[in-house]
Amino acid sequence: MAALQPSVQQSSVQKQAIFSAATYQLDATKAAHELALQLDNEEIGFVLFFCSSAYDLEALGKEMNHAFSHCEVMGCTSAGEITESGYAKSSISALGFSRRDFKVSGMRVPLEEFDLHAAQLCVSSLIEACQHDQKAPISSNTFVLTLIDGLSPNEERFLVTLDTALGRLPHFGGSAGDDINLANTHVYSEGAFHTESAIVVMFNTHCPFEVFTTHHIESLDSKLVVTEADCTARRVYEFNAEPAAEVYAREVGIALEDLRPEIYALHPLAVLIGDQYYVRSIQKVNEDLSLDFYCAVDDGIVVTAMRPGDLFADTQTKLSAIEARIGELEMTLGCDCFLRRLEIEQAQMRDKAKAMFARFRLIGFNTYGEQLNGIHMNQTLTGVMIGKPPRSGEPYTENAERKVG
C-alpha cells in the first residue's frame, strides 16, 4: 500500500491554469522580452495583454508577435493597467492561459462592417475552432470576451449585434483606452494594433467560472431629460432644453469652469433599464457647452443623477458571493472603469484597492467603457471569476447557462 501512496498524491495535484506577468519597461523590445520570460511555459496556448498607449505601438506589435510566435496573442491599449501589484501606469499586464484547461479562439472584426451576418459567421467560426479541442460542452462551459476601440461610435451597434448571434453564451468586455488622452485607442491582433475594430475571444474551459458586473452608484432621484443629442457622436447638447454642461454643473453644484474627469467620477449620470441603473459617464465638455459621453445617449432619454456609495464594500460583497459559488479561485479577469480608479486615487485608497485585487487575484485593465451581454455601460467593474481546474481524474463542473452575477 505504501508504494501506491506517491501516485495517489500525484494524481490529485492541481496545476496552475492561468499565468500572469507584468512589465514596466517602456522600450518595446525589452518589454516583450520580459513578458516572454515571465510567461515561459510550454503549457500556455493563448496570451492576453493590456498596455499603456505610451508605447511605440508599431514596434510593440511586432515584438509581441515575435516573442510569442508559438501561440496566439491578443489585447488592447488601456487607461491604466491592473497587475499583481495593483493599479499601474506606463506598463503592460498580461495573462497566459494553459492549453490543458482552456481552448481559446479569437478573431478581430471591423466595427463598421459588423452586421448580423458577419456576427453569425464570427460566432460559428469561433465555436468550430473551440470544438477541435473543447474542454467541456460549449453551451454551458464557454464565455466570450470583447475588446473594442473605445472611441468608436459603433460600439453599441456592435454589442447588440454580437449578443444576438451569441444567444445564451455569456459575454463581457472592456473598451480600449489611451491613458485618458482621448485621441486614439487600439486593439491588438495578428501582430499589429488596429483602430475601428473589436476583438472577440471565446474561452471554452472545464474550470468553473462566473461572468459578473457590479457598481456602487446610488440614485439621487433627480431626473434630467435629453432634449437634444447626437447619438452617433455620443454628444448631448441639451438637458431640459438648456445647454447640457450648464445643467450638469448646476446639478452637481459647481462652477462650469470646474468641470473635469474627477467631478464626472463623483457625480455620474445613469439610465434605468428594467430595475437596474447603468451609468453613462461624461467624457468632456465642448466649447458649445455640449457634453460628450463614453456611451451613446439618445434624444428623449431620461438620465438620473447618481452618487457613489461604498466602492469597496460593494465589490467585496459581490466577488465574495461568486467565490463561494465557484469554489477555490484561480483568478479574476477584470475590466475596471478608469473613473473608478480616479475615485479611488482621489480618496488616496490605492493600497486598499491593491489589497482587494490581491484578495480576489484580479488582473486586467482600466477601460473607457464596460460591456455585458450586449449592454454598454460605464463606472463598473465587469469581468469573469475563474475557479481552479478539476484535479486529475475529477470530472469538470458544468456551469449554469448564461450565468451572470
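Rules used in this analysis
- Residues numbered from 1 in each chain as written.
- Predicted model: local features only at pLDDT ≥ 70, side-chain atom pairs only at ≥ 80, totals over all residues.
- Heavy atoms only, no water.
- Buried < 20%, exposed > 50% of the residue type's maximum accessible area, 1.4 Å probe, protein only.
- Helix = DSSP H or I, 4+ residues; strand = E, 2+ residues; numbered from the N terminus.
- Arc of directions from axis to C-beta.
- Contact = heavy atoms within 4.5 Å.
- Pairing = 2+ DSSP bridges.
- Axes fitted to C-alpha atoms, helices over the stretch in contact; angles between N-to-C directions.
- Parallel < 35°, antiparallel > 145°, perpendicular 65-115°, else oblique.
- Nonpolar A, V, L, I, M, F, W, Y, C, P; charged D, E, K, R; others polar.
- Phe/Tyr/Trp six-rings, centres within 6.5 Å; stacked < 30°, edge-to-face > 60°.
- Disulfide = S-S within 2.5 Å.

Trainee: Got a sec to walk through helix α10 (residues 350–359)? Specific residues and values, please.
Mentor: Residues separated by three or four positions in an α-helix point in the same direction, a consequence of the helix having 3.6 residues per turn. Along α10, the residues that are buried comprise Ala353, Met356 and Phe357. Down the axis of α10, the buried set is contained in an arc of 100°. They therefore lie on one face. Turned more than 90 degrees away from the buried face of α10, the exposed residues are Asp351 and Ala358. On its buried side, α10 packs onto β4 (81–83), β5 (86–88), α8 (311–326), β22 (329–337), α9 (338–346) and β23 (362–367). Trailing α10 by a residue or two, Arg361 shows a phi angle of about 50°, which is positive.

Trainee: Go over the pairing of strand β8 (residues 142–148), please, and point to the residues and values.
Mentor: Counting buried positions along β8 yields 7 of 7 residues, so the element is predominantly enclosed. Bridge analysis of β8 against strand β12 (residues 197–205) gives 7 bridges, and the strand direction is antiparallel. Opposite Phe143, over in β12, you have Phe203 as the bridge partner. Here β8 runs beside strand β9 (residues 171–175); their pairing, made up of 5 bridges, is parallel. Within the sheet, the bridge partner assigned to Leu147 lies in β9 and is Gly174.

Trainee: Mind laying out unusual backbone geometry, listing which residues take part and the relevant values?
Mentor: Glycine aside, negative phi is the norm for most residues, and most peptide bonds take the trans geometry. Positive phi, normally seen in glycine, also occurs at Arg234, with a value near 60°. Summarising the element assignment, Arg234 is placed in the loop between β14 (217–230) and β15 (235–239). Notably, Gln348 is not glycine yet its phi reads approximately 55°, a positive angle. With respect to the secondary-structure elements, Gln348 resides in the loop between α9 and α10.

Trainee: Lay out the packing of α8 against α9 with the relevant residues and their values.
Mentor: Where α8 meets α9, the closest approach of the two axes is 11 Å, and the angle between their N-to-C directions is 125°. Viewed along their axes, α8 and α9 adopt a mutual orientation that is oblique. Two secondary-structure elements touch here, α8 through Leu311, Phe312 and Thr315 and α9 through Arg340, Glu343 and Ile344. Along the lines of polarity and charge, the residues of the contact of α8 with α9 split into 3 nonpolar, 1 polar and 2 charged.

Trainee: Pulling in residues and values, what's your account of the packing of aromatic side chains?
Mentor: Going through the model one piece at a time under the given rule, you end up with 17 aromatic pairs. With centroids separated by 4.7 Å and ring planes inclined at 50°, the aromatic side chains of Phe114 and Phe158 adopt a geometry described as tilted. A residue pair is termed long-range when its members are at least 10 positions apart, and Phe114 in the loop between β7 (102–110) and α4 (116–131) and Phe158 in helix α5 (residues 155–166) qualify at 44 residues. Of the two residues, Phe114 and Phe158, neither departs from the other in class, the shared state being buried.

Trainee: Describe the state of the cysteines, naming the residues involved and giving the relevant values.
Mentor: For the coordinates displayed, the defined rule picks out 0 disulfides. Here Cys295 stays free of any disulfide, with the sulfur of Cys337 as its closest cysteine sulfur at 8.8 Å.

Trainee: Explain the sheet that holds β9 to me, and be specific about the residues and the numbers.
Mentor: Within the open sheet, the 6 strands sit side by side as β7-β12-β8-β9-β24-β25. Their pairing is mixed. Whereas interior strands pair on both sides, the edge strands pair on one side only; in this sheet they are β7 and β25 (375–377). Pairwise comparison of adjacent strand axes, ignoring direction, gives a mean angle of 20° for this sheet. Where β9 and strand β24 (residues 370–372) come together, 3 bridges link them in antiparallel fashion. Across the sheet, Gly174 pairs through a bridge with Glu370, a residue of β24. Across the sheet, α4 is in contact with β7 and β12; its angle to β7 comes to roughly 155°.

Scope: geometric values only; no functional claims are made or implied.
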